[in-house]
Amino acid sequence: MKNITILGSTGSIGTQTLDVIRKYRADFCVYALVAGTSTQTMFHQIEEFHPRLAVMKDEEHADQLSKLLDEAGIEDKPKILYGMDGYLKAVTAPEVETVVAAMVGMIGLRPVLTAIEHGKDIALANKETLVCAGHLIMKSAREHKVRILPVDSEHSAIFQCLQGLKKGPFEDGVPVETDGSQIETIFLTASGGPFRKASKKELESVTVEQALAHPNWSMGAKITTDSATMINKGLEIIEAKWLFRVPLEKVHVLVQPKSIIHSMVGFADGAVLAQLGSPDMRVPIQYALLYPDRRYLDDQRLDFETLASIEFEKPNTDVLRGIPLAIDSARIGGTMTTVMNAANEYAVARFLDKKISFLRIYELIEYAMEHHKVIDDPNLDQILEAERWVYDTLDGMM
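Keep in mind that what you see is a predicted model, and the values were worked out from it rather than measured. (Residues numbered from 1 in each chain as written. Predicted model: local features only at pLDDT ≥ 70, side-chain atom pairs only at ≥ 80, totals over all residues. Heavy atoms only, no water.)

Describe the nonpolar core, and please don't skip the residues or the numbers.
Formed by 128 residues in total, the largest nonpolar core has its most connected members in Ile122 and Phe358. The element best represented in this core is helix H14 (residues 336–352), accounting for 9 residues. What Phe358 contacts, discounting residues up to four positions off in sequence, is Phe195, Leu203, Val206, Ala211, Ala228, Thr229, Leu320 and Phe351. (Core = buried A, V, L, I, M, F, W, Y, C linked by side-chain atoms within 4.5 Å. Buried < 20%, exposed > 50% of the residue type's maximum accessible area, 1.4 Å probe, protein only. Helix = DSSP H or I, 4+ residues; strand = E, 2+ residues; numbered from the N terminus. Contact = heavy atoms within 4.5 Å.)

Structure follows, in structure tokens:
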């Protein structure tokens, strides 16, 4: 049995990961569950999966969880920890083989880096990890010969299309040095979100409820909002650069509204491989957990006999400006990608709290980027300091 730690077990990716594990209990043992403040959900997960460690964001929620378990008379109660020390214990335990990195935000960065340093394979769903510290993550993964198995549907699709490629960028899931010359183009597909046809005027009055009405995928509120602004595709371009060792210019975004093609790779000989399927996050999750095996999954199958067409569009980057903002940050490099990402986190949180408008998200990202002094090749402490600078700076101008 493979011992798993799930960072972010109560979120969208975490719960779907447990759904996959539920179907293959003979293959997986949940060693540790890590969550934020969702004590009730964590309680039910512990009841079902019996982890040895359960970690909450802070002492208050750890105490709440412990009380729930005591009241329920749970005999095989896990060790309950909290905070960063707890996160690190969950990813470094000798028994753990794979860490599912599904925490949203920068909080997941240190645990993922630490897990890699301890030789744990990473099923990676946390975008911020590569966006802010791709240079650290991929270098460490190569040094420690750790598998980086992407869980994002688009990067999983690209990863699947690259299987069998003799000269990298992966060997058995482990990142390796390669010049990327065999890859001509990476096509990241996007649904376009709920506002792909909207004008700037229409976006001025967008509500939170409208932004969260994603046409295809079931995701958490932050990621769904990122899809609405298209910042998610900008983040994914940066991720693809690091994962697949290609320059930004080789990564292109195509809107494919039905989310049937999850991404494509164009090769130097002109061939293009695409990965298709229904929009079900359990597919890339299961592929990452069972890699390189493929097993039955009860998702909806595509019916090619009734599929009339697959349409593509260019993203509306003049109105939905997330992609150009992210690309600009990546071209500048250093701590600028952290600043862009942190400003987006800050702005999205306030939009979801109904404190700012939808278009104000872009304005806050631009403000932070314009006022930041870049540090080239930052270490982890400098990355985290850049994040703090963003929050302090934007708090001061709100």
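Talk me through the sheet that holds strand E1 (residues 2–7); I want residue IDs and the actual numbers.
Read from one edge to the other, the open sheet built from 7 strands follows the order E4-E3-E2-E1-E5-E6-E7, with strand pairing classed as parallel. Only two strands of the sheet have a single neighbouring strand rather than two, namely strand E4 (79–82) and strand E7 (148–150). Between one strand axis and the next, the sheet turns by 25° as a mean value, whatever way the strands run. Strand direction decides the pairing type here: E1 and strand E2 (residues 28–34), joined by 6 bridges, are parallel. What sits directly across from Asn3, in E2, is Cys29. (Pairing = 2+ DSSP bridges. Axes fitted to C-alpha atoms, helices over the stretch in contact; angles between N-to-C directions.)

Please give an account of the sheet that holds strand E10 (residues 183–190) that cites residues and values.
Strand order in the open sheet formed by 4 strands is E11-E10-E12-E13, and the pairing between neighbours is mixed. Edge positions in the sheet fall to strand E11 (251–255) and strand E13 (272–276), since each of these pairs with one other strand and no more. Ignoring strand direction, the axes of neighbouring strands in this sheet form an average angle of 20°. In terms of strand pairing, E10 meets E11 through 5 bridges, oriented parallel. Opposite Ala190, over in E11, you have Val255 as the bridge partner. Across the sheet, helix H7 (residues 153–161) is in contact with E10, strand E12 (261–267) and E13; its angle to E12 comes to roughly 40°.

So what about the side chain of Glu128? Which residues, and what values?
Structurally, the position occupied by Glu128 is in helix H6 (residues 127–143). At 3.2 Å, the side chain of Glu128 and the backbone nitrogen of Gly105 are in polar contact. Ignoring any residue separated from it by four or fewer positions in sequence, one finds Glu128 in contact with Val104, Gly105, Met106, Ala133, Lys222, Asn341 and Glu345. (Polar contact = N/O pair within 3.5 Å; in protein donor to acceptor, adjacent residues only side chain to side chain.)

Report on the pattern of salt bridges, specifying residues and quantitative values.
Evaluation of the coordinates by the stated rule reveals 30 salt bridges. In this structure, the salt-bridge partner of Asp27 is Arg295, at a minimum N-O distance of 2.8 Å. Of the two residues, Asp27 is situated in the loop between helix H1 (12–23) and E2 and Arg295 in the loop between helix H12 (282–290) and helix H13 (322–332); the sequence distance between them amounts to 268 residues. Salt bridges sharing partners connect three or more residues here, namely Asp19, Arg22, Lys23, Arg25, Glu48, Asp280, Arg282 and Asp298. (Salt bridge = Lys/Arg side-chain N within 4 Å of Asp/Glu carboxyl O.)

How would you sum up H14? Please name residues and give values.
The end-to-end C-alpha separation of H14 is 24 Å, in line with the 24 Å expected for 17 residues at 1.5 Å each. Judged by how many residues are buried, H14 sits mostly within the fold: 14 of 17 residues are covered. Lys354, located one to two residues past H14, shows a positive phi value of around 65°. (Expected span 1.5 Å × (residues − 1).)

Help me get a handle on the environment of Val246, residues and values and all.
Tracing the chain through its elements places Val246 in the loop between helix H11 (231–244) and E11. Its relative accessible area of 4% is what places Val246 among the buried residues. Separated by 96 residues in sequence, Val246 and Ala342 place their C-alpha atoms 24 Å apart. In contact with Val246, other than residues within four places in its own chain, are Ile183, Ile186, Ala240, Lys241 and Val251.

How would you summarise the pairing of E1 if you had to cite specific residues and measurements?
Across the 6 residues that make up E1, a large majority, 5, are buried. Running through H1, the crossover from E1 to the neighbouring parallel element E2 is right-handed. Sheet topology places E1 next to strand E5 (residues 98–101); 4 bridges connect them, and they run parallel. Bridged to Ile6 within E5 is Val100. (Right-handed = clockwise from strand over helix to strand, strands pointing away.)

Give me the lowdown on the pairing of E13, citing residues and values where you can.
Here E12 pairs with E13 via 5 bridges, running antiparallel. Considered in E13, the bridge of Met264 is made with Ala274. The loop that links E12 with its antiparallel partner E13 comprises 4 residues; one of these, Gly270, has a positive phi angle of about 95°.

An account of the packing of helix H15 (residues 360–370) against helix H16 (residues 380–397) is needed here, citing residue identities and associated values.
Relative orientation of the contacting elements H15 and H16 amounts to 120°, with a least axis distance of 10 Å. Taken as a pair, H15 and H16 cross one another with a handedness that is right-handed. Each of Arg360, Leu364, Tyr367 and Ala368 in H15 lies in contact with H16, whose residues at this interface are Trp389, Thr393, Leu394 and Met397. The class makeup of the residues in the contact of H15 with H16 is 6 nonpolar, 1 polar and 1 charged. (Left-handed = near helix turned anticlockwise from the far one by under 90°. Nonpolar A, V, L, I, M, F, W, Y, C, P; charged D, E, K, R; others polar.)

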